[in-house]
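Understanding the architecture of this molecule
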Amino acid sequence: MRRADLLVGCMGLGGGWDAEPVTDEQVEQAGAVVEAALAAGLTWFDHADIYTRGKAEEAFGRALAERPGLRERIGLQSKCGILLPGEGGVMCSGETHGRYDSSPEHVRRSLEGSLARLRTDHLDVLLVHRPDPLTHPGELGRTLDALVAEGLVRQVGVSNHSPAQVDRLQAGMSEPLVVNQLETSLAARGWVESGVLVNTDEGARVGFPHGALEQALAGGPRVQGWGALAQGRYSGRASSATDPLEAAREEQTARRVAALAAEHGTTPESIVLAWLQRHPARVAPVVGTTSPQRIAACADAAAGRVHLSRAEWYELWVTARGGPLP
Ligand SMILES: NC(=O)c1ccc[n+]([C@@H]2O[C@H](COP(=O)([O-])OP(=O)(O)OC[C@H]3O[C@@H](n4cnc5c(N)ncnc54)[C@H](OP(=O)(O)O)[C@@H]3O)[C@@H](O)[C@H]2O)c1
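An account of the accompanying structure is given in this report.

Let us now look at the pattern of salt bridges. Throughout the structure, instances matching the rule amount to 20 salt bridges. Residue Arg62 is joined to Asp24 by a salt bridge in which the shortest nitrogen-to-oxygen separation is 3.0 Å. One end of the pair, Arg62, is in helix α2 (residues 55-65); the other, Asp24, is in helix α1 (residues 24-39), and 38 residues separate them in sequence. When its relative accessible area of 22% is taken as the criterion, Arg62 is described as partly exposed.

In structure tokens:
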């Protein structure tokens, strides 16, 4: 199995976020995603216990069961730690809301559910989906260590964590945290702007956790980028921005992406992903498309065949942000 340099996100599998049973069509769709991914050289799949309320894992697990020998050829990653509304969430103003739970009991129960739905005896990577303020990091670290020791997961990591939270969790455990999954894309540029807009008012408004890339560069968890295709806004999907200025900026960026794709002999999707991959921290994009054609369009990026020059990289950044760098 190759390294997890580019992953297929499975949040879109399994239909709606409802209690309807998984259909044969949804299993077929999961199978088509797997086949397209393998053909494009993509062998890692990103899940979470909550995606479509477990149905994404269920559909994928059934597709996996129909393909003997496939489990050994792919990497399976899932996440735990979020409770959806209606599944132990909290009531507020007459509505139920989600909450977090990284207690030993919940993490173990969640993992067991993921393994059953995915029809596998182990995950390659388990991520803690979001920080749970009520779980002591030492307790969570011991839980994650135990799951690796028991062979239920090969490696562990986190998602949406700050470097300080990573450090504190890591200090109380033996296994290395190998991943911090964070939103990174040409649209959600905080991942790169947090390190450049320091000491500016604009920088103070960046939500990306400062230092996560530097932590990766120093040997800490690799940053996996969720939302990496920017939901298609630069690779074929019409802008849905309500602000006309933002819509114009997106269209201009999409035109530049298309031109670069033509110049490099590749697809817009691979250009958008190559923009992430160009950073020395080796961000690993997670692409959430369920379209076999769009997965195929990621093949050049998956193979590392697209290399943007410095000038191209900066030009795309400045075009997408719609204004000069400080
Ligand atoms: N850790 C976290 O907190 C977290 C949060 C969100 C997501 N994730 C993970 O990251 C993965 C990717 O996230 P994402 O889905 O937000 O990001 P994405 O890959 O940027 O966007 C995928 C979405 O955009 C649509 N899309 C892409 N190109 C399109 C085009 N040209 N025209 C029309 N629609 C297009 C896809 O629809 P089609 O399916 O029709 O292509 C899909 O709905 C998820 O699957 C999940 O595994 C993690």
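Grouped together as the largest cluster of nonpolar side chains are 84 residues, with contacts concentrated most on Phe45, Phe60, Leu126, Leu144 and Trp275. Ignoring sequence-local partners within four residues, the contact set of Leu126 consists of Ser78, Lys79, Cys80, Val107, Leu111, Leu144, Leu147, Val153, Gln155, Val156 and Gly157. In this structure, Ala4, Leu7, Trp44 and Leu127 belong to the second largest nonpolar core, which totals eight residues.

Checked against the element boundaries, Ala311 lands in helix α13 (residues 310-321). Between the alpha carbons of Ala311 and Glu72 there is a distance of 41 Å; along the sequence they are 239 residues apart.

What follows is about unusual backbone geometry. We note that Thr52 has phi near 45°; this positive angle belongs to a residue other than glycine. Tracing the backbone through its elements, the reader meets Thr52 in the loop between β2 (44-46) and α2. Assessed through its relative accessible area of 1%, Thr52 is described here as buried. For Asn160, which is not glycine, the phi dihedral falls at a positive 60°. Mapped onto the elements of the fold, Asn160 is located in the loop between β9 (153-159) and α5 (163-171).

Conventions and cut-offs
- Residues numbered from 1 in each chain as written.
- Predicted model: local features only at pLDDT ≥ 70, side-chain atom pairs only at ≥ 80, totals over all residues.
- Heavy atoms only, no water.
- Salt bridge = Lys/Arg side-chain N within 4 Å of Asp/Glu carboxyl O.
- Helix = DSSP H or I, 4+ residues; strand = E, 2+ residues; numbered from the N terminus.
- Buried < 20%, exposed > 50% of the residue type's maximum accessible area, 1.4 Å probe, protein only.
- Core = buried A, V, L, I, M, F, W, Y, C linked by side-chain atoms within 4.5 Å.
- Contact = heavy atoms within 4.5 Å.

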